[in-house]
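Per-entry structural report
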Amino acid sequence: MIQDRLFPATMMPDQDWWHALWPDPDCFVKTLGISQGMLVVDLGCGNGYFTSAIARRVGSGRVIGLDLDPVMLELAQVACEGMDNCDWLPGDAMELSHLLGASADYVLIANTFHGAPDKTALASEVAASLKPGGRFAIVNWYPLPREETTVLGQARGPKTEMRMSPEQTRTVVEPAGFTLETLVELPPYHYGAIFISSSQ
């Protein structure tokens, strides 16, 4: 079953609060340093909320939306309808380097990394999927108590004990061949840790 293979506590949120939390996905993508001409992988793309913004941002580049759930991929395709720079890849994030047909400039994983059973192994898969000097961006909830991270009046996000500080994220990602390049603030409750591949 697909459900058994999903990372814990990483289900796609309802569209209403997703939009309330991220009202401007285009600004979000720009803040993360995604730019024109890149080949970007939206890892665990879900319903395509960020995939469509990436597609608008990269222009002549391409975005590949990867998700294990075929229903989510169908929704993502609808979100990106009319865009000719999107490709779709069904599969497991832990097999990314074997599924991609070309090395990427940038891999984004948003609101999902906390649930990976082996985070360093996942980071290694990403490293193997990137061009030399490519970037890996992880968008995480700050380690605040869940009851404090409310959206539309309700506590949202993963369990408090699953949340990772920027330093915890760095500790599990850098051994896979990355160096932290920058941290960006993504109010109200998130940060983006952007790593650069140390392979040359």
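Here the structure is shown first, and the text comes after it.
Described in the following lines is the structure provided in the data block. It should be emphasised that the depicted structure is a prediction, and the values quoted were computed from it without experimental measurement. Positions within a chain are numbered from 1, following the residues in the order the chain's sequence is written. In keeping with the model being predicted, local features are shown solely for residues with a pLDDT of at least 70 and side-chain atom pairs are shown and tallied solely at 80 or more, while totals for entire chains, interfaces and linings include all residues. Hydrogens are left out, water is left out, and the side-chain values use all remaining heavy atoms of the structure.

1. Examining unusual backbone geometry
The omega torsion across Pro187 and Pro188 is 5 degrees, close enough to zero to call that bond cis. Numbering of helices and strands runs from the N terminus, with a helix taken as a DSSP run of H or I at least four residues long and a strand as a DSSP run of E at least two residues long. Structurally, the position occupied by Pro188 is in the loop between strand E8 (178-186) and strand E9 (190-197). We note that Asn111 has phi near 65 degrees; this positive angle belongs to a residue other than glycine. Along the chain, Asn111 falls in the loop between strand E4 (104-110) and helix H7 (119-129). Although it is not a glycine, Leu152 sits at a positive phi angle of roughly 50 degrees. Within the secondary structure layout, Leu152 lies in the loop between strand E6 (150-151) and strand E7 (154-155).

2. Considerations on the nonpolar core
By size, the foremost hydrophobic cluster in this structure holds 30 residues, and its most contacted members are Trp22, Phe28, Leu32 and Tyr106. Looking at this core, the elements that each hand over two or more residues are helix H2 (15-21), helix H3 (25-31), helix H4 (49-58), E4, strand E5 (130-141) and E8. For this core, the element with the highest residue contribution is H4, accounting for six residues. Here, residues are in contact when the closest pair of their heavy atoms is within 4.5 Å. In this structure Leu32 touches Tyr106, Leu108, Val139, Val184, Leu186, Gly192 and Ile194, once residues within four positions along its chain are discounted. What makes a nonpolar core is a set of buried Ala, Val, Leu, Ile, Met, Phe, Trp, Tyr and Cys residues whose side-chain atoms join them at distances within 4.5 Å. When a residue's accessible area, from a 1.4 Å probe over protein chains only, is under 20% of the maximum for its type it is buried; when over 50% it is exposed; and in between it is partly exposed. By size, the runner-up hydrophobic cluster in this structure holds 28 residues, among which are Leu39, Leu89, Val126 and Ala193.

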